[in-house]
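# Working through the structure, step by step
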Amino acid sequence: MHQFIAQTLAAFSRVFYKRTILILTLLLCAGVAGSSVHMYSFSMNLVRSQALQNARVYARSINEARTLYSDAAVNRIKAAQGIHGITFTDDYTAREGAIPVPATYLIELGNRLSQKNQGMLVRLYSDFPFPHRRKEGGPRDKFEREALQHLRQHPEQQFFRVEKFQGRQSLRYAQADILKPSCIGCHNTSPDSPKKDWKVGDVRGILEITAPLDSFMAKTNQGLRENFAMLAFLSVLGLSGITLVIGRLRQTSKELEHRVRERTAQLQKTNEQLSIEQEKSERLLLNILPEPIAEQLKEGHRNIANGFAEATILFADIVGFTNLSERISPTQLVNLLNEIFSAFDKLSDEYGLEKIKTIGDAYMVVGGIPNARIDHAEAIAAMAIGMQQEVRNFNAKHNAELSIRIGINTGPVVAGVIGTKKFIYDLWGDAVNTASRMESHSLPGCIQVTESTYQSLRDKYLFEERGIIKVKGKGEMMTYFLKGKRVEQLV
């Protein structure tokens, strides 16, 4: 097998030596293509992001304009009781001495912005339009209906989508138009109002801003084409330089052969260094695998699997860590998780248990393998109680509110190593699946165990009967909560 691999590598080396220029050309072409695809994707995302930001700014500016109009004009005129002949109405153009109500002012402001900015559309619509605006003031397409439905349920959010609008690729952005205290009186007392029971905070309608993206995309594509041409030109120059260098290297290769002999002494020193590094690798391997399993791998065993008549498996999950991860940086998250799991690792060493793996904020450990022991259930129970204490210590240190959910089961398992890359020592069997179910069906801050684990520990530990629960994939099972060690066992 080793000889076949060596021959294959030698053949590949000869082909690479003879076809170096061709292979480098292909690699450069692949690199240029990959870079172009990435640049295109990044640029399109940037265009959409900028359009969304612009839409938010427009919406904020329009709302501020309406607020200013309402506070600085309408409210001041209403407060000036001595001014006669000025009325507020949506039909202000047909009445002498009338000025528009804030909603009408907002609508006409949007219309003027749409006229001044070619392609942009500003609309204010509602599912309760005034009778005279029923034709143009209600939702007109699927997007507007979906926006109304979504923003009525989530008025604090924004609703947007990139889609074809009037034949052009556009960003459609919508946000809720929420009633303020100054608007309630007009909307509930106006004779034409379609709804008379508005309250502060209700969603009166939707402010939508539609901005076409095709012109931006066209300019972006032009820039990308220019960048691609420049990248291709630079690649050709680079390839030409590499060709010259390779030609020179081939000419001097014979001169380098005799230097190999001069390096023999250095190789001996390198071999000594390799021996040191090999010792480091072996120590690293022992950190990944149990020592008996590591020895089997070094001896050339490829299929390592052993059955154990009885072992106790523990699964644990940090509750509240997902919420914590949303408030801190990735680096802080990893440091905190490392602090917790390092404490758990010390517990596994203290009780002579085998840590199997961590997945996200979940932790798995087993007792009774790879070396059999009769007190595996007791050791796992002691570690579970210790894990709860470590979480309490962590909360006190970091002012956090984390808890841990633990599940334990005892039964037969198969343990071994599979795969050829990034292999780990792992467990299989129904007992493992049941232990995982105990964790997922447990409660925060609790240690849930199966009947088999309870029978092994009931003389030395205190339990609370949870009763029969329905477990996914297992049906109904009797389970218990481990509460602590019996007083007589602590003496």
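Small disclaimer: the values here were computed from a predicted structure and weren't measured.

### A few points about the overall build of the protein
A tally of regular secondary structure across the protein gives 15 helices and 14 strands. The buried share among the 491 residues of the protein stands at 35%. Taking contacts inside the protein between residues at least 6 apart in sequence as the whole, the part at least 24 apart equals 63%. Carbon and sulfur atoms provide 56% of the accessible area of the protein, an area that totals close to 30100 Å².

### A look at the packing of aromatic side chains
Evaluated as defined, the whole model comprises 6 aromatic pairs. Ring geometry for Y454 against F463: centres 5.1 Å apart, planes inclined by 80 degrees, an arrangement best described as edge-to-face. Its relative accessible area of 19% is what places Y454 among the buried residues.

### A look at the confidence of the model for the protein
Per-residue confidence for the protein averages 80 on the pLDDT scale, and 75% of its residues sit at or above 70. The secondary-structure element of the protein with the lowest mean pLDDT is helix α9 (residues 291-298), recorded at 61, while strand β12 (residues 447-450) shows the highest, at 97.

### Side note on the side chain of R405
Within the element layout of this structure, R405 appears in strand β10 (residues 403-417). Judged by relative accessible area, which is 18%, R405 ranks as buried. Of note is the side chain of R405, whose polar atom sits 3.0 Å from the backbone oxygen of E439. Here R405 is in contact with F315, A316, D317, V319, E439, S440, S442, L443, P444 and C446, once residues within four sequence places are set aside.

### Focus: the sheet that holds strand β3 (residues 121-125)
Taken in spatial order, the 4 strands line up as β3-β6-β5-β4 in an open sheet, and their pairing is antiparallel. Here the strands that pair on one side only, and so sit at the sheet edges, are β3 and β4 (158-165). Within the sheet, the average angular offset between the axes of one strand and its neighbour, ignoring direction, is 20 degrees. Sheet analysis places β4 next to strand β5 (residues 168-178), joined by 8 bridges and oriented antiparallel. The partner of R161 across the bridge, within β5, is R172. Helix-sheet contacts for helix α5 (residues 142-153) involve β3, β4, β5 and β6 (203-212), and the interaxial angle to β4 is about 170 degrees.

### Side note on the pattern of salt bridges
What the rule picks out here adds up to 18 salt bridges. With its nearest N and O atoms 2.8 Å apart, the salt bridge here joins D375 to R373. Beyond isolated ion pairs, a larger network of salt bridges with shared partners links R123, D141, K142, E144, E146, R161, E163, R172 and E208.

### Focus: the pairing of strand β14 (residues 475-485)
Note that β12 and β14 share 3 bridges and pair antiparallel. Bridge pairing in β14 places Q448 opposite F481. Of the strand pairs in this sheet, strand β13 (residues 461-471) and β14 are connected by 10 bridges, and their pairing is antiparallel. Bridge pairing links E465 to Y480 in β14. Remark: 3 residues form the turn of the hairpin made by β13 and β14, two consecutive strands paired antiparallel; G473 in that turn has positive phi of roughly 80 degrees.

### What to know about unusual backbone geometry
Cis geometry marks the peptide bond from I369 to P370; its omega dihedral reads -5 degrees. Relative to the assigned elements, P370 resides in the loop between β9 (362-367) and α12 (376-398). Unlike most non-glycine residues, Q166 shows phi in positive territory, near 55 degrees. Turning to its location among the elements, Q166 is positioned in the loop between β4 and β5. Note on Q166: relative accessible area 68%, which makes it exposed. Positive phi outside glycine occurs at N399, with the angle close to 55 degrees. Secondary-structure assignment places N399 in the loop between α12 and β10.

### With respect to the environment of I406
Its place among the elements puts I406 in strand β10. In this structure, the C-alpha to C-alpha distance between I406 and A384, residues 22 residues apart in sequence, is 7.2 Å. Those residues in contact with I406 that lie beyond four places of it in its chain are L314, F315, A316, A384, M387, Q388, M438, E439, S442, C446, I447 and Q448.

### What about the pairing of β6?
Burial of β6 is extensive: 10 of the 10 residues sit out of reach of the surface. By the bridge criterion, 5 bridges tie β3 to β6 in an arrangement that is antiparallel. Within β6, the residue paired with Y125 across the bridge is I206.

### Details of the nonpolar core
In terms of nonpolar packing, the biggest core is built from 37 residues, with L314, F344, M387, L402 and I406 touching the most fellow members. Sequence-distant contacts of L402, that is, excluding residues within four places in its chain, are made with I318, V319, G320, F321, L324, I340, V391, F394 and N395. Core analysis: the next-biggest nonpolar cluster, separate from the first, contains 17 residues, M44, V122, L171 and Y173 among them.

### Overview of helix α13 (residues 430-440)
Listed in full, the buried residues belonging to α13 are A431, V432, T434, A435, M438 and E439. Relative to the axis of α13, the buried residues are bounded by an arc of 165 degrees and lie together on one face.

### What to know about the side chain of T410
Looking at the element boundaries, T410 is found in strand β10. A relative accessible area of 8% places T410 in the buried class. Here T312 takes part through its side chain, which lies 3.0 Å from a polar atom of the side chain of T410. Those residues in contact with T410 that sit more than four places away from it in its chain are E310, A311, T312, H376, A377, T450, S452 and T453.

What counts as what
Residues numbered from 1 in each chain as written. Predicted model: local features only at pLDDT ≥ 70, side-chain atom pairs only at ≥ 80, totals over all residues. Heavy atoms only, no water. Helix = DSSP H or I, 4+ residues; strand = E, 2+ residues; numbered from the N terminus. Buried < 20%, exposed > 50% of the residue type's maximum accessible area, 1.4 Å probe, protein only. Contact = heavy atoms within 4.5 Å. Areas by Shrake-Rupley, 256 points an atom, 1.4 Å probe, with all protein chains shown as cover. Phe/Tyr/Trp six-rings, centres within 6.5 Å; stacked < 30°, edge-to-face > 60°. pLDDT = per-residue confidence, 0-100. Polar contact = N/O pair within 3.5 Å; in protein donor to acceptor, adjacent residues only side chain to side chain. Pairing = 2+ DSSP bridges. Axes fitted to C-alpha atoms, helices over the stretch in contact; angles between N-to-C directions. Salt bridge = Lys/Arg side-chain N within 4 Å of Asp/Glu carboxyl O. Core = buried A, V, L, I, M, F, W, Y, C linked by side-chain atoms within 4.5 Å. Arc of directions from axis to C-beta.

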